[in-house]
Amino acid sequence: MSSMNETPSANRIHIGFFGVRNAGKSSLVNAITNQQLCVVSEVKGTTTDPVHKAMELLPLGPVMLIDTPGFDDEGTLGELRIKKTKQILNKTDVAVLVVDAQEQTSRFNEELIAIFKEKGIPFIVAVNKCDLTEDKNAAPLYETLCENTIHVSAKTGENIVELKERIAALNKTEEPELRLVGDLIFPSDLVVLVIPIDKAAPKGRLILPQQQTIRDILDADGIAVTCKEDRLKETLENIAKKPRLVITDSQVFAKVAADTPPEIPLISFSILFARYKGLLTSAVQGAKQIDKLQDGDTALISEGCTHHRQCDDIGTVKLPRWLRNYTGKDLKFEFTSGGEFPDDLTKYKLIIHCGGCMLNEREMKYRLKCAQDQQVPMTNYGIAIAFVQGILERAAAALFALSKKM
């Protein structure tokens, strides 16, 4: 588990290292990090699972380096490893294709380049082991496949610094910085955050969405006031200044809505994350599918993280219960967590995703696009909960009004 002073994984630039077995992917990651992070060996297929390393990589800043199994792996286990590698591609912001300077190009590398281009992933070809070739400019056919090609040696360190600079140059973007809530408030605005403390709440700390929201309020020079759901009325009575906004955990949406005066805007952490990840409009439209569910329909409930599930877990227990009670239908549910997300979604009538605080923007948009391509409506926890509890219209109106005032 990362410490609280680290940049969250979802906010880091994800840099994936891909290629066939024994091209030197792990050695190159070790050279870039200057650490023996990945196990290296002359034996093909040493890397059997993706290896993640969070670090600071200048001039990029906080990044997540990911070493992947060989894309030419064989056998039943090899197929599973390749599947894992393809999952990593869905959250890769920048790709490094590592090839062996002593070998000709392969169909596996050409397939990887085709995937990079199809998914719009900026990439560079790192021709490794150039210390073993007499011709330092040798890179059979790779210049024709990718103009951005560099010769490196993980063993001697040749061109490793330049490789870092090339990777950084690939990630340049002119898009404005996304904010969770900071763009909805003015300096000195008061924001009340309602945070339940129950069995599912981690001992001694807040969960990531709560941490990130508080930090964004502080970055915007706002004032964050936190309380539990049974102290909201008392909190609102005791503060002299009217809050700009109340933000609640989705699980207590109904109680908080009842205790928050209608003139105070009310939204949830999960709705803020839908907006932050660029999914808000689609998620609101997706929630309307709840009214169309019929007996026997199957919904997929997908979480971006893995954790120990409590007896009254929101994803596997509360959401199914709320949906069955609201619709009055005999619904079926399937569940995924972490990096798992089905390729074939056609069996589902609805996908309800978590807020995605542990997934980067690229992976969340990939999952949404998969759903859209297969014409399966997709919403998220907070929006689905607000919909079935009759609060979505109020929350959407509050978000719209706050956005218009800025």
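About the cut-offs
- Residues numbered from 1 in each chain as written.
- Predicted model: local features only at pLDDT ≥ 70, side-chain atom pairs only at ≥ 80, totals over all residues.
- Heavy atoms only, no water.
- Pairing = 2+ DSSP bridges.
- Helix = DSSP H or I, 4+ residues; strand = E, 2+ residues; numbered from the N terminus.
- Axes fitted to C-alpha atoms, helices over the stretch in contact; angles between N-to-C directions.
- Buried < 20%, exposed > 50% of the residue type's maximum accessible area, 1.4 Å probe, protein only.
- Salt bridge = Lys/Arg side-chain N within 4 Å of Asp/Glu carboxyl O.
- Phe/Tyr/Trp six-rings, centres within 6.5 Å; stacked < 30°, edge-to-face > 60°.
- Parallel < 35°, antiparallel > 145°, perpendicular 65-115°, else oblique.
- Left-handed = near helix turned anticlockwise from the far one by under 90°.
- Contact = heavy atoms within 4.5 Å.
- Nonpolar A, V, L, I, M, F, W, Y, C, P; charged D, E, K, R; others polar.

Draft legend 1. Main features of the sheet that holds strand β3 (residues 61-67). Reading across from one edge, β2-β3-β1-β4-β5-β6 is the order of the six strands in this open sheet, with mixed pairing throughout. A strand with exactly one partner marks an edge of an open sheet, and here the two such strands are β2 (51-57) and β6 (149-151). Taken over all neighbouring pairs, the strand axes of this sheet differ in orientation by 25° on average, direction set aside.

Draft legend 2. Representation of helix α9 (residues 269-276) in the model. Among the eight residues in α9, eight count as buried, and that is most of the element. Those residues of α9 lying buried are F269, S270, I271, L272, F273, A274, R275 and Y276. Note on α9: the residue one or two positions beyond its end, G278, has a positive phi of about 80°.

Draft legend 3. Inspection of the pattern of salt bridges at higher detail. The tally for this structure, following the rule as stated, stands at 14 salt bridges. With a shortest N-O distance of 3.3 Å, E162 and R166 are connected by a salt bridge. Of this pair, E162 and R166 are both found in helix α5 (residues 160-170), four residues apart, which corresponds to roughly one turn of the helix. The class of R166 is partly exposed, set by a relative accessible area of 25%.

Draft legend 4. Main features of the packing of aromatic side chains. All told, the structure shown has four aromatic pairs when counted by the stated rule. Look at F273 and Y276: their rings are 5.9 Å apart centre to centre, the planes differ by 85°, and that puts the pair in the edge-to-face class. Of this pair, F273 and Y276 both sit in helix α9, three residues apart, roughly one helical turn. Among the residues examined, F273 registers a relative accessible area of 2% and is labelled buried. Looking at Y276, the relative accessible area reads 16%, which means it is buried.

Draft legend 5. The packing of α9 against helix α13 (residues 381-388), seen in detail. Two elements in contact, α9 and α13, have axes separated by 7 Å at closest approach and are oriented at 130°. With respect to their mutual orientation, α9 and α13 come out oblique. Handedness of the α9/α13 crossing: left-handed. Two secondary-structure elements touch here, α9 through S270, I271 and A274 and α13 through Y381, G382 and I383. In terms of residue class, the contact of α9 with α13 is built from four nonpolar, two polar and no charged.

Draft legend 6. Quick peek at the sheet that holds strand β10 (residues 266-268). Taking strand neighbours across the sheet as the criterion, the four strands line up as β8-β7-β9-β10 in an open arrangement whose pairing is parallel. This sheet does not close on itself; its edge strands, each paired only once, are β8 (223-227) and β10. Strand-to-strand twist of the sheet, defined as the mean angle between neighbouring strand axes without regard to direction, takes the value 25°. Sheet topology places strand β7 (residues 190-194) next to β8; five bridges connect them, and they run parallel.

The values are spatial; any link to function lies outside them.
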